[in-house]
Amino acid sequence: MTVHLEVAEGVGTIRLDRPPMNALDTATQDRLKELAEEATARTDIRAVVLYGGEKVFAAGADIKEMQAMDHAAMVARSRALQDSFSAVARIPKPVVAAVTGYALGGGCELALCADYRIAGENAKLGQPEILLGVIPGAGGTQRLSRLIGPSKAKDLIFTGRMVKADEALTLGLVDRVVPADEVYTAAHEWAARLARGPAIALRAAKESIDAGLETDLETGLAIERNWFAGLFATEDRERGMRSFVEEGPGKAKFV
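To keep things clear, this report deals only with the structure shown in the data block. Quick caveat: nothing in here was measured; it's all calculated off a predicted structure.

Calculation notes
Residues numbered from 1 in each chain as written. Predicted model: local features only at pLDDT ≥ 70, side-chain atom pairs only at ≥ 80, totals over all residues. Heavy atoms only, no water. Phe/Tyr/Trp six-rings, centres within 6.5 Å; stacked < 30°, edge-to-face > 60°. Helix = DSSP H or I, 4+ residues; strand = E, 2+ residues; numbered from the N terminus. Buried < 20%, exposed > 50% of the residue type's maximum accessible area, 1.4 Å probe, protein only. Salt bridge = Lys/Arg side-chain N within 4 Å of Asp/Glu carboxyl O. Patch = residues over 30% accessible without salt bridge, like charges linked within 9 Å, V, L, I, M, F, W, Y side chains within 5 Å. Areas by Shrake-Rupley, 256 points an atom, 1.4 Å probe, with all protein chains shown as cover. Lys, Arg positive; Asp, Glu negative; His and termini not counted. Charge placed at Lys NZ, Arg CZ, Asp CG, Glu CD.

In this description, an aromatic ring pair is defined by two values, namely the gap between the centres and the angle between the planes. One pass over the full model with this rule turns up three aromatic pairs. Relative to Tyr-184, the ring of Tyr-51 lies with its centre 4.7 Å away and its plane at 40°, an arrangement referred to as tilted. Placement of the pair is Tyr-51 in strand β3 (residues 47–51) and Tyr-184 in helix α8 (residues 183–195), with a sequence separation of 133 residues. Plain terms: the ring middles of Tyr-116 and Trp-190 are 5.0 Å apart, the flat faces sit at 5° to each other, and that makes the pair stacked. Placement of the pair is Tyr-116 in strand β6 (residues 116–120) and Trp-190 in helix α8, with a sequence separation of 74 residues. Relative accessible area serves as the criterion here: at 15%, Trp-190 is assigned to the buried category.

Below you can see the structure in the form of structure tokens.
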């Protein structure tokens, strides 16, 4: 298999494993969707790390495979391509991308599906599809624009240029930069900390933010209000507030 799912400490690691560059061919895309849906369903997984290994996150789509496809073939495939990435973006749990080496094209688009991105000092990110005469097709034009703003996204997409980790941090494309050999450890620690948190409240926060960004303020406030009130039916809310009153902040143990 070109993608694996491993679980430890409540953290599910979705690991790309298609040497040498983790090119995202159709089989890998389909497997990614399958494992994203598994991570969504499994109760022993409370947070997720996306990881491509020590040397490379993912250098993009399998261009040789794409070169052989005509218009009709891509019309038939493009929805499945987007659906595989959207399955990752819709995991209702905290998701962090651990980015080492290249995260280009589809690799960058996969990182965009995470809630948080930790990059190694050796990371290089970008959307070089324009250099092939096409545009990003797995969410890049949409998720990148929402993350860093339309003008910065247009610069990266129009030019196809790569950015190193320090510039990616300045742009807001990644959230933290660490030494390359510490990327996975840092990402797993981030995920493990959240895996100990209140699962339903974390889901509520993620869905409120993501859904709210796609609508107007009043509708977003209604989404937040409904989730906020609904959490008062959970045991975690009872535990959290009781612990705060009796022991002070930050000591609650959630179920």
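That shown, we press on.
Moving on, we come to the pattern of salt bridges. Following the criterion strictly, the structure yields 13 salt bridges and no others. Arg-203 serves as the salt-bridge partner of Glu-207, at 3.0 Å between the closest nitrogen and oxygen. One end of the pair is Glu-207 and the other is Arg-203, both in helix α9 (residues 199–213) and four residues apart, which spans about a single turn. Overall, Arg-203 belongs to the partly exposed group, its relative accessible area being 37%. Because the salt bridges share partners, they merge into one network encompassing Arg-18, Asp-25 and Asp-62.

This brings us to the environment of Phe-254. By secondary structure assignment, the location of Phe-254 is in the segment after α11 (235–247). By relative accessible area, which is 27% here, Phe-254 ends up partly exposed. Residues Phe-254 and Gly-197 lie 57 residues apart in sequence; the distance between their C-alpha atoms is 6.1 Å.

Where like charges cluster on the molecular surface, the negative patch consists of Glu-54, Glu-121, Asp-181 and Glu-182. Among the secondary structure elements, Glu-182 is positioned in the loop between β9 (176–178) and α8. Under the relative-accessibility criterion, Glu-182 is labelled partly exposed at 42%.

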